[in-house]
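# Structural description and commentary
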Amino acid sequence: MGKRDRLSGEEIAGFVAAHPGWVQAGERLERSYSFPDYGASVGFVMRVALLAERRDHHPDIELSWGRVRVAWSTHDAGGLTALDLELAELTDRLSTG
């Protein structure tokens, strides 16, 4: 199975169970992050944007004061893929650094 093949419900549920904060919302994997101010939120969005560009896979991002919501999905696969799970994990790492 390739990184852009659609995952089963069981695979997604296993990821969500092992990664606190992430939830499945339809065909997307979403998580909200909190930051102390707007600047920290924007910095995080920039780190995620650079990651997305390097991987040529782009999330939906919602930015507000002290809060960022990130949603991964592989639109051409019609749902979630291993690439989305990988990038969700990397997004978590970026949120702490």
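Presented here is an overview of the structure given in this document. (Residues numbered from 1 in each chain as written. Predicted model: local features only at pLDDT ≥ 70, side-chain atom pairs only at ≥ 80, totals over all residues. Heavy atoms only, no water.)

The relation between two aromatic rings is expressed through the spacing of the ring centres and the mutual angle of the planes. Applying the stated criterion across every chain, the model contains three aromatic pairs. Between Trp 22 and Tyr 33, the aromatic rings sit 6.4 Å apart at their centres with planes inclined by 80°, giving edge-to-face as the arrangement. Of the two residues, Trp 22 sits in the loop between α1 (9-18) and β1 (23-25) while Tyr 33 sits in strand β2 (residues 28-34), which places them 11 residues apart along the sequence. The same class applies to Trp 22 as to Tyr 33, namely buried. Taken together, a centroid distance of 5.0 Å and an interplanar angle of 35° make the contact between Phe 35 and Phe 44 tilted. Since its relative accessible area comes to 13%, Phe 35 is described here as buried. Ring pairs connect the aromatic residues Trp 22, Tyr 33, Phe 35 and Phe 44, which therefore count as one cluster. (Phe/Tyr/Trp six-rings, centres within 6.5 Å; stacked < 30°, edge-to-face > 60°. Helix = DSSP H or I, 4+ residues; strand = E, 2+ residues; numbered from the N terminus. Buried < 20%, exposed > 50% of the residue type's maximum accessible area, 1.4 Å probe, protein only.)

Trp 22, Leu 29, Phe 44 and Trp 72 are the most contacted members of the largest nonpolar core, which has 21 residues in total. Elements with a minimum of two residues in this core: α1, β2, α2 (38-55), β4 (67-72) and α3 (82-95). When residues no more than four places from it in sequence are discounted, the contact partners of Leu 29 are Phe 15, Val 16, Trp 22, Val 23, Gln 24, Val 70, Ala 71, Trp 72, Leu 80, Asp 84, Leu 85 and Ala 88. (Core = buried A, V, L, I, M, F, W, Y, C linked by side-chain atoms within 4.5 Å. Contact = heavy atoms within 4.5 Å.)

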